[in-house]
Every structure is written in C-alpha cells, then in structure tokens.
Amino acid sequence: MKYTQLGRTGLKVSRLVLGTMNFGPQTDEPTSHSIMDAALGAGLNFFDTANVYGWGENKGRTEEILGTWFAQGGGRRDKTVLATKVYANMAGEGEPWPNYDRLSALNIRRAVEASLKRLQTDYIDLYQFHHVDRRTPFEEIWQAVDVLIQQGKILYAGSSNFPGYKIAQANETAARRGSFGLVSEQCLYNLAERRAEMEIVPAAQEYGLGVIPWSPLHGGLLGGVIKKEVEGGRRASGRSADALANSSVRAQVQAYEDLLDKHGLEPGETALAWLLTRPGVTGPIVGPRTAEQLESALRALELELSQEVLSGLDEIFPGPGASPEAFAW
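Residues numbered from 1 in each chain as written. Predicted model: local features only at pLDDT ≥ 70, side-chain atom pairs only at ≥ 80, totals over all residues. Heavy atoms only, no water.

(A) Molecular detail of the overall build of the protein. The secondary structure content of the protein amounts to 14 helices and 10 strands. Here the protein has a C-alpha radius of gyration of 20 Å; the compact-globule value for 329 residues is 20 Å, and the two agree. By principal-axis analysis of the C-alpha atoms, the protein measures approximately 55 × 50 × 40 Å. In the protein, the proportion of contacts linking residues at least 24 apart, taken out of those at least 6 apart, comes to 77%. Accessible surface for the protein amounts to roughly 14,900 Å². Of this, 49% is attributable to carbon and sulfur atoms. Separation between the mean location of the 33 positive side-chain charges and that of the 40 negative ones in the protein comes to 3 Å. (Helix = DSSP H or I, 4+ residues; strand = E, 2+ residues; numbered from the N terminus. Rg over C-alpha atoms; globule rule 2.2 N^0.38 Å. Contact = heavy atoms within 4.5 Å. Areas by Shrake-Rupley, 256 points an atom, 1.4 Å probe, with all protein chains shown as cover. Lys, Arg positive; Asp, Glu negative; His and termini not counted. Charge placed at Lys NZ, Arg CZ, Asp CG, Glu CD.)

(B) Representation of the pattern of salt bridges in the model. Scanning the model with the defined rule gives 17 salt bridges in all. In this structure, Arg-77 and Asp-125 form a salt bridge, with 3.0 Å as the shortest nitrogen-oxygen distance. Taken as a pair, Arg-77 in helix α3 (residues 76-79) and Asp-125 in strand β6 (residues 124-129) lie far apart in primary sequence, 48 residues in all. Summarising the burial analysis for this pair, Arg-77 and Asp-125 share the class buried. Linked through salt bridges whose partners overlap, the residues forming this network are Arg-194, Glu-197, Arg-278 and Asp-314. (Salt bridge = Lys/Arg side-chain N within 4 Å of Asp/Glu carboxyl O. Buried < 20%, exposed > 50% of the residue type's maximum accessible area, 1.4 Å probe, protein only.)

(C) Structural detail: the packing of aromatic side chains. Taken as a whole and assessed by the stated rule, the structure comprises seven aromatic pairs. With a centroid separation of 6.0 Å and an interplanar angle of 65°, the aromatic rings of Phe-129 and Trp-142 are classed as edge-to-face. One end of the pair, Phe-129, is in strand β6; the other, Trp-142, is in helix α5 (residues 138-150), and 13 residues separate them in sequence. Take Trp-142: its relative accessible area is 1%, and that puts it in the buried class. Taken together, the ring pairs in this structure connect Phe-47, Trp-69 and Phe-70 into an aromatic cluster. Just above the ring of Tyr-123 sits the side chain of Arg-77; from NZ or CZ to the centre is 4.1 Å. Geometry around Tyr-100 places Arg-110 over its ring, the cationic atom sitting 4.0 Å from the centre. (Phe/Tyr/Trp six-rings, centres within 6.5 Å; stacked < 30°, edge-to-face > 60°. Lys NZ or Arg CZ within 6 Å of the ring centre and 35° of its normal.)

(D) View of the pairing of strand β5 (residues 81-86). By the criterion of burial, β5 is predominantly enclosed, with six of the six residues buried. Across the two faces of β5 the burial is the same, with Val-81, Ala-83 and Lys-85 and Leu-82, Thr-84 and Val-86 all buried. Bridge count between strand β4 (residues 46-48) and β5: three bridges; the pairing is parallel. Bridged to Phe-46 within β5 is Val-81. Assessed by its sense of winding, the connection that carries the chain from β5 through helix α4 (residues 105-119) to β6 is right-handed. (Pairing = 2+ DSSP bridges. Right-handed = clockwise from strand over helix to strand, strands pointing away.)

(E) Spotlight on the side chain of Ser-159. Along the chain, Ser-159 falls in strand β7 (residues 154-160). The class of Ser-159 is buried, set by a relative accessible area of 0%. Ignoring sequence-local partners within four residues, the contact set of Ser-159 consists of Phe-129, Ile-167, Leu-182, Ser-184, Glu-185, Gln-186 and Leu-209.

(F) Up close: the pairing of β7. Burial runs high along β7: six of the seven residues are buried. Summarising the sheet, β6 and β7 pair through five bridges and their orientation is parallel. Following the sheet pairing, Phe-129 is matched in β7 by Ser-159. Where β7 and strand β8 (residues 182-188) come together, three bridges link them in parallel fashion. Residue Ser-159 lies in a different strand from β8, and its bridge partner there is Glu-185.

(G) Representation of helix α12 (residues 291-299) within the structure. Residues Leu-294, Ala-297 and Leu-298 constitute the buried set of α12. The buried residues of α12 all sit within an arc of 100° when viewed along its axis, so they share a single face. In this structure, the buried residues of α12 make contact with β3 (17-19), α1 (29-41), α11 (267-276) and β10 (285-286). (Arc of directions from axis to C-beta.)

(H) Spatial organisation of the sheet that holds β5. With respect to topology, eight strands assemble into an open sheet ordered β9-β8-β7-β6-β5-β4-β3-β10, the strand pairing being parallel. A single partner strand is all that each edge strand has here, and the edge strands are β9 (210-214) and β10. Sheet topology note: the β3/β4 ladder contains two bridges and is parallel. By the bridge assignment for β4, Leu-18 is matched with Phe-47.

(I) Quick look at α4. For α4, which comprises 15 residues, the first-to-last C-alpha distance of 21 Å matches the rise-based estimate of 21 Å (1.5 Å per residue) to within 8%. The set of residues buried in α4 consists of Asn-107, Ile-108, Ala-111, Val-112, Ser-115, Leu-116, Arg-118 and Leu-119. The arc that holds the buried residues of α4, viewed along the axis, is 160°, so those residues lie on one side. Summarising the geometry of α4, the exposed residues directed more than 90 degrees from the buried face are Arg-109 and Lys-117. Contact partners of the buried residues in α4: α2 (61-70), β5, β6, α5 and β7. Downstream of α4 by a residue or two, Gln-120 has a phi angle that is positive, lying close to 55°. (Expected span 1.5 Å × (residues − 1).)

If you want it as structure tokens, here you go:
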C-alpha cells in the first residue's frame, strides 16, 4: 500500500479511501465486514462514511455497521483513520424538528455524540462538513469544532462539496481565530467531471488541504459501461445512463474505452490511476459492493500510465484550464 500525508497535516493515509456508502443499502453487514477486513489487510487505512448513510428510515445504519466492525477488536479502530460527516437532517422520519441538520454549534455537538455512539468509538479522526451551510457563520462553526478538538472527540476538520471561495473563507476565518482550519476537501472529481480543477483544487492546494475525489468512476460511466452493455447485456443505470443518453458523451466514452482497449487497460482501474497522478489529490474514494470490486480498485495503485495514455485521456476529456484564463479570455 502507498501512503501520503493528508494535506498539510502529519497524518499518513492510504492513497485509496474506502467509501462505505453502500454498506447497509446494498451490501449486508457480514459482507461489509469482510470488505473492511480485506481493505485493512491490504493496508488501506482511510475509511470514509457519513451520519446520513443508510438513507431514509435507515440513516445512521452505515455508521452502525462500522461500529460493530470496530467492536470486534483486533486493532481495527486503532489502525483505521476514520472520517465521517455532518450536515444532513437526522431527525426521525415525519419529525421536521428544527436544529437537527446543518452546521450550527448545537447540531454539530448533537451529531458528533450520535456518530460516536453508532461508531462505537470515543473519537473521530476527520470530521467533515458534508455541505456548505450558508446560514451559519464560520466563527460559530470553528468555535464548535475547537471545543470538540479540546475534548478529544475529533482530531481534524474537513469539508465536502465546498466551492473554492468557501474553502478560502473557512480557512481565513480559522486563521483569525488561531484555529487549524480545514485539512481536506471531498469533491466530485474524475475524468468526465474536471471542473474541480478550475477553483476547488487550486484553493485546496493554496490552503494545504488534501483533495479526496468522490465518484471517481462517475457513477460507473468510466468503468467500461459500453463494453459491458455489448458483452453482457448489462445496461447502464443512474448517473451513467443519464450521461450516455447524450450522444456526444457516448462518443467520448466510446473513445475512452477504445483507447484503453488498445493499450490493454481496464477502464475502472485506469480512471482511478489517472486521479492518483493529479496534483493535490490525496486519494479517490472507492465504494466497493463486493470483494472483487475492492481487488480491482487496489490494482489501480500499481498501474503506471504512459505519457501516451495520459495525453490520449486529456484529448478525450479535456480539463477546464487554469483559472481565471479558462473563463476570462
């Protein structure tokens, strides 16, 4: 396993992040535990979840599955860098009670305590804001975070789905308070969706945040979806199906698959390996539903992409260009 520092921190994390969003909704508890055992056995130490995962009436279920895994002992918790998130409404179904969502000091305190209980741990390594809260000032957010750090309940704070200017605003406010600020940004970033390169990645690099891309295969679009349709009759669904309905996108994806077929490369592994070459990227989040999907993701760590392949990928999926030149002239 390859490791890197998380942003400007001294924390060492694996270059792949185990995403757990499927644990519960799509993958049962025993299989989820087996996947986590395999990930840890391979040296993958960075696990990502969120308080809302499980969704609907089962929100919180994913954290509970991690908690029962930690409770098995064997050094599982000590070896894991645990990341979870706060923002979504965690009030019971049909109970639209105020102050059970967003980033008020009250909800942050309440959400941390609930996550710790579900996760069966006494601290969270990386506590991430799942979305921008336009109603709560960063002064209040950092006051709440600093208290939790002093109490030993969280160690670091990160963001998710923040625009570049909010990363700057958050960390400038933290600096004025003498707080450490954000250490990571988890954003949508992959070959087919490169807008993060315009503002988010530069802001993260400027302020010392590690970039953690989610949906590295863009909902399966970059995982050989057309080839799977042709060979196995498996039709695309969700985000990839919506994208393929656009003829120009379908042509891009076909060119992508043709390029990789020419070089004997697997699409999903290549998409992950490409992200690992990008400046500022700590590691992409992989969300395996099966042990086989985890094994495929791990192979991406050993994949060296030639300059010919990298140039070909840039031609098929060009980035937005540097800011402000990309939109100024």
